[in-house]
Amino acid sequence: MKIAVANDHAGLELKWVLLEHLAELGVEAENLGVDTDDPVDYPDVAQRLGQAVVAGDADLGLLICGTGIGVCLAANKVRGVRAASCCFEYHARMAREHNHANVCCLGGRVIGPELAKAIATQFIRTPESDAERHVRRTRKVEALEAQ
Ligand code: RB5
């Protein structure tokens, strides 16, 4: 499994924490930037990561901004991205199981490093449920996106 990771300036510190955590887990990660705290626009970061996930360059993505909200809004505009803003491990598990999310968004100014690591771990380790109702609902989300 390969995880793409990207952030804006407000997510930089947490990005380094998560990259180290992924390495400790033995999970391959690709750092899509940014690597300095010079201000950047979160839609640019979200677009880069979203396109990488949709293209199949990574299986899942982790996106980090100050709140997790901006990158989530923007990533969900990339066709094929199902991004979820996660503040709890439960969010991460449900996002994968029920919503078939492929991008987890985290707020570097909102959650601490240990919680963020736990959320990321949960997101990566939880498979999509193949229960008919979840597949059907995800297909409906895709149909909305196609309109
Ligand atoms: C940057 O100041 C901040 O607005 C951004 O990281 C993010 O939180 C937006 O949603």
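Residues numbered from 1 in each chain as written. Predicted model: local features only at pLDDT ≥ 70, side-chain atom pairs only at ≥ 80, totals over all residues. Heavy atoms only, no water.

(A) Inspection of the sheet that holds strand β3 (residues 60-65) at higher detail. Taken together, the five strands give an open sheet; going across it, the order is β2-β1-β3-β5-β4, and neighbouring strands pair in parallel fashion. Lying at the two open borders of the sheet, with one neighbouring strand each, are β2 (28-31) and β4 (83-85). For this sheet the average axis-to-axis angle between neighbouring strands, irrespective of direction, equals 25 degrees. As judged from the four bridges shared by strand β1 (residues 2-7) and β2, these two strands associate in the parallel manner. Across the sheet, residue Ala-4 finds its bridge partner in β2, namely Glu-30. Strands in contact with helix α1 (residues 12-25) are β1, β2, β3 and β5 (103-107); relative to β1, the strand with the most contacts, it is inclined by about 165 degrees. Where helix α2 (residues 42-55) meets the sheet, its contacts fall on β1, β3 and β5, and the angle it forms with β3 comes to roughly 175 degrees. (Pairing = 2+ DSSP bridges. Helix = DSSP H or I, 4+ residues; strand = E, 2+ residues; numbered from the N terminus. Axes fitted to C-alpha atoms, helices over the stretch in contact; angles between N-to-C directions. Contact = heavy atoms within 4.5 Å.)

(B) Looking closely at the layout of surface pockets. Taken as a whole, the largest pocket holds about 260 Å³ of empty space. Lining the largest pocket are 14 residues, and of these Arg-82, Asn-99, Thr-138, Val-141 and Glu-142 lie nearest its centre. The element that contributes the greatest number of residues to the lining of the largest pocket is helix α6 (residues 132-146), accounting for six residues. Residue composition of the lining of the largest pocket, grouped by class: four nonpolar, six polar and four charged. (1 Å grid on protein atoms, 1.4 Å probe; cavity = no way out; pocket = protein on both sides within 12 Å on 5 of 7 lines; lining within 4 Å. Points joined across faces, edges and corners; volume = space filled by probe spheres on them. Nonpolar A, V, L, I, M, F, W, Y, C, P; charged D, E, K, R; others polar.)

(C) Here's a closer look at the site of the ligand. The immediate surroundings of the ligand are formed by Asp-8, His-9, Ala-10, Tyr-42, Cys-65, Gly-66, Thr-67, Gly-70 and Arg-109. Asp-8 has a polar side-chain atom sitting 2.6 Å from an oxygen atom of the ligand. Taking Gly-66, its main chain carries an N or O atom lying 2.8 Å from an oxygen atom of the ligand. When the ligand is considered free in solution it has 290 Å² of accessible area, and contact with the protein chains removes 71% of it. Grouping the amino acids of the shell around the ligand by side-chain chemistry returns three nonpolar, four polar and two charged. (Near = heavy atom within 4 Å. Polar contact = N/O pair within 3.5 Å; in protein donor to acceptor, adjacent residues only side chain to side chain. Areas by Shrake-Rupley, 256 points an atom, 1.4 Å probe, with all protein chains shown as cover.)

(D) Just unusual backbone geometry, in detail. Cis rather than trans, the peptide bond between Gly-33 and Val-34 has omega equal to 5 degrees. Here the phi dihedral of His-100 falls at roughly 55 degrees; this positive angle occurs in a residue that is not glycine. Mapped onto the secondary structure, His-100 falls in the loop between α4 (89-97) and β5.

(E) Representation of helix α5 (residues 113-125) within the structure. In this model, α5 (13 residues) spans 18 Å end to end at C-alpha, consistent with the 18 Å of a helix rising 1.5 Å per residue. Taken together, the buried positions of α5 are occupied by Ala-116, Lys-117, Ile-119, Ala-120, Thr-121, Phe-123 and Ile-124. On the buried face of α5, the contacting elements are β1, α1, β3, α4 and β5. (Expected span 1.5 Å × (residues − 1). Buried < 20%, exposed > 50% of the residue type's maximum accessible area, 1.4 Å probe, protein only.)

(F) Structural detail: the side chain of Arg-82. The residue Arg-82 is located in the loop between α3 (69-75) and β4 in this model. Within the local environment of Arg-82, its side chain forms a polar contact with the backbone oxygen of His-100, the two atoms lying 2.7 Å apart. Setting aside anything within four residues of it in sequence, one finds Arg-82 in contact with Asn-76, Asn-99, His-100, Ala-101, Asn-102, Val-103, Glu-128, Thr-138 and Glu-142.

(G) Representation of the packing of aromatic side chains within the structure. Considering all chains together, one arrives at zero aromatic pairs under this definition. The ring of Trp-16 carries Lys-15 above its face, with NZ or CZ at 4.8 Å from the centroid. The positively charged end of Arg-96 is found above the aromatic ring belonging to Phe-123, 5.7 Å away from the centroid. (Phe/Tyr/Trp six-rings, centres within 6.5 Å; stacked < 30°, edge-to-face > 60°. Lys NZ or Arg CZ within 6 Å of the ring centre and 35° of its normal.)

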